[in-house]
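# Coordinate inspection notes
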Amino acid sequence: MRSDGALNIEDLRRMARRRLPRIAFDFIEGGVEDEHCLARNEASFHRQRLVPRYLVDISRRDQSAALFDRKYASPFGIAPTGIAALFRPRADLMLAEAAAAANIPFIMSGTSTASIEAAAKIAPTHTWFQLYVARQRAITTDLIQRARDAGLGALVLTVDVPVTPKRERNIRNGFGLPLRLRPSTILEALTHPAWIMGYLRHGMPRFDNWAAYAGAEATAQAVAGFVARETPATVTWNDLEEFRRLWPRHLVVKGIMHHADAVRAAAIGVDGIIISNHGGRQLDQAPAPLEVLPAMRAAVGDKVTLMIDGGVRRGADILVALANGARFIFVGRPTLSGAAVDGLRGVRKAIDILRREIDLVMGQIGCANLEELDETFLLSVDGHGTNGRRPG
Ligand SMILES: Cc1cc2nc3c(=O)[nH]c(=O)nc-3n(C[C@H](O)[C@H](O)[C@H](O)COP(=O)(O)O)c2cc1C
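Here is a short report on the structure shown in this document. (Residues numbered from 1 in each chain as written. Predicted model: local features only at pLDDT ≥ 70, side-chain atom pairs only at ≥ 80, totals over all residues. Heavy atoms only, no water.)

Between helix H12 (residues 237-246) and helix H13 (residues 259-268), whose axes approach to 10 Å, the crossing angle comes to 35°. The two elements H12 and H13 meet at a crossing, and its hand is right-handed. Here H12 contributes Trp237, Leu240, Glu241 and Arg244 to the contact with H13, which in turn contributes Asp261, Arg264, Ala265 and Ile268. Here the residues of the contact of H12 with H13 sort into 4 nonpolar, no polar and 4 charged. (Axes fitted to C-alpha atoms, helices over the stretch in contact; angles between N-to-C directions. Helix = DSSP H or I, 4+ residues; strand = E, 2+ residues; numbered from the N terminus. Left-handed = near helix turned anticlockwise from the far one by under 90°. Contact = heavy atoms within 4.5 Å. Nonpolar A, V, L, I, M, F, W, Y, C, P; charged D, E, K, R; others polar.)

Here is the structure:
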């Protein structure tokens, strides 16, 4: 399927729904329980307005953004998404390659279907590694060591999966690890021949990073079973302290939502926090990241780099997040949809759509440089915006 005709991220989502069997599309799309949190993430952006400033020279617009020790071409990156090769063979490496070519960061998932070493070969300066802690401590420390040896710039500890969530679409579809396809699922999948061809050619994708620990001869199914037994593991503040000692480069915690937790993470010396509710996939009552961002900022100030993800579907959403004080934004489903639809081209398309929308909206609001973007551009429908008045 060609992604050329996609005008926006929603088009890519619709194309992905057509190409993928329901069991696979629902895994990407779905959230926990009633999917209120999923809806809340997107809605949080719609409650805020960007108030345009005109009569400004916006003939040259610069959306580059400094993050840690690098300058990226855009203020967004690719969030970690597990089991991506199920939607498009080699999807993890396509995400890595497209990110490097676009000069944005790519976070390899802890349940990726390619290895740390393979991603480091393709995108050595743009890959970060997201860690899921294993029950066997030696596995966790080995994964950290491998990411370190591969020269990856940041380790991202995801903390918002203390238990396996109740994602009802997956339960209804019989999606689990290891994957056991029911006859009805197979019949529905047969109506998506392009996907079926890829699946038959490449087989069930394997969690490559875990294969070494599951036994040299382990099949994809056996590795998936191993991962299901090893995760989720209990992770505590003591573990974070230990990871801080083990990891010499930038350490990011993903999934912190409470300002008191942000303060504690800052005290441990983490460099960044991705405020996230896992794309509405863990706790249906969780706030949207944008809703807790002000309290997080007030609590940690500049001590920790605050980033957010969840519900970003337009370039304007990214600008709204930046105006609210986020330093950087990540997207999960948009680039994964691109990969599912059209492989590497589709990921590039998703990045390009967001990048062009950012550029146009910057022009429209009179912001030539992201450093100028602050809360004075905001008006919230709840009445909390500053609308051109500098606070204090
Ligand atoms: C299919 C899928 C798989 C995901 N896998 C992971 C993962 O392995 N590790 C992780 O930290 N987050 C994972 N996430 C959450 C994303 O990193 C990110 O927080 C979320 O997708 C952001 O919301 P968005 O999809 O609305 O952009 C996954 C999300 C999706 C949709």
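Right, picking up where we left off after that structure.
Let us now look at helix H3 (residues 36-46). Looking at H3, one finds that the buried residues are Cys37, Leu38, Asn41, Ser44 and Phe45. Angularly, the buried residues of H3 cover 130° about the axis, an arc narrow enough to put them on a single face. On its buried side, H3 packs onto helix H2 (22-29), strand E1 (48-50), helix H14 (289-300), strand E10 (305-309), helix H15 (315-323) and helix H16 (333-365). (Buried < 20%, exposed > 50% of the residue type's maximum accessible area, 1.4 Å probe, protein only. Arc of directions from axis to C-beta.)

Close to the ligand lie 25 residues; Pro80, Ser109, Gln130, Thr158 and Asp309 are nearest. Gly82 is positioned with one of its backbone polar atoms (N or O) 2.9 Å from a nitrogen atom of the ligand. A distance of 3.3 Å is found between a nitrogen atom of the ligand and a side-chain nitrogen or oxygen belonging to His278. Contributions of two or more residues to the shell around the ligand are made by H2 and H16. In terms of residues, the shell around the ligand owes the most to one element, H16, which gives 3 residues. (Near = heavy atom within 4 Å. Polar contact = N/O pair within 3.5 Å; in protein donor to acceptor, adjacent residues only side chain to side chain.)

Considered as a void within the structure, the second largest pocket measures approximately 550 Å³ in volume. Taken together, 24 residues form the lining of the second largest pocket, with Leu322, Gly325, Ala326, Arg327 and Glu371 sitting closest to its centre. Counting only elements with at least two residues in the lining of the second largest pocket, the list comes to strand E2 (65-67), E10 and H15. Among the elements that line the lining of the second largest pocket, the one with the most residues is E2, at 3 residues. Its residues assigned to classes, the lining of the second largest pocket shows 11 nonpolar, 5 polar and 8 charged. (1 Å grid on protein atoms, 1.4 Å probe; cavity = no way out; pocket = protein on both sides within 12 Å on 5 of 7 lines; lining within 4 Å. Points joined across faces, edges and corners; volume = space filled by probe spheres on them.)

This part covers the pairing of E10. Here E10 lies mainly inside the structure; 5 of its 5 residues are buried. Of the two faces of E10, the one holding Thr305, Met307 and Asp309 and the one holding Leu306 and Ile308 are both buried throughout. As defined by bridge partners, strand E9 (residues 272-275) adjoins E10 across 4 bridges and the pair is classed as parallel. Bridge pairing in E10 places Gly272 opposite Thr305. Where the polypeptide runs from E9 across H14 and back to E10, its parallel neighbour, the crossover connection is right-handed. (Pairing = 2+ DSSP bridges. Right-handed = clockwise from strand over helix to strand, strands pointing away.)

Attention now goes to the packing of H13 against H14. Put simply, H13 and H14 touch, their axes get as near as 9 Å, and they point 35° apart. Handedness of the H13/H14 crossing: right-handed. From H13, His259, Ala262, Val263 and Ala266 reach across to H14, where they touch Ala295, Met296, Ala299 and Val300. Residues belonging to the contact of H13 with H14 are distributed by class as follows: 7 nonpolar, 1 polar and no charged.

Attention shifts here to a nonpolar patch on the surface. On the surface, Leu181, Ile186, Leu187 and Leu190 cluster together to form a nonpolar patch covering roughly 370 Å² of accessible area. Along the polypeptide, Leu187 turns up in helix H8 (residues 183-189). Judged by relative accessible area, Leu187 falls into the exposed class, the value being 59%. (Patch = residues over 30% accessible without salt bridge, like charges linked within 9 Å, V, L, I, M, F, W, Y side chains within 5 Å. Areas by Shrake-Rupley, 256 points an atom, 1.4 Å probe, with all protein chains shown as cover. Salt bridge = Lys/Arg side-chain N within 4 Å of Asp/Glu carboxyl O.)

What follows concerns the packing of aromatic side chains. Applying the stated rule across the entire model yields 8 aromatic pairs. On the basis of an interplanar angle of 20° and a centroid distance of 6.1 Å, the ring pair of Phe27 and Phe87 is categorised as stacked. Here Phe27 is found in helix H2, whereas its partner Phe87 is found in the loop between strand E4 (76-78) and helix H4 (91-102), with 60 residues between them in sequence. One exposure class covers both Phe27 and Phe87, and it is buried. Through pairs of rings, three or more aromatic residues link up here, namely Phe68, Tyr72, Trp128, Phe328 and Phe330. Directly above the ring of Trp247 sits Arg249, whose terminal nitrogen or CZ lies 5.2 Å from the centroid. Sitting above the plane of the Phe27 ring, Arg281 keeps its charged end 4.9 Å from the centroid. (Phe/Tyr/Trp six-rings, centres within 6.5 Å; stacked < 30°, edge-to-face > 60°. Lys NZ or Arg CZ within 6 Å of the ring centre and 35° of its normal.)

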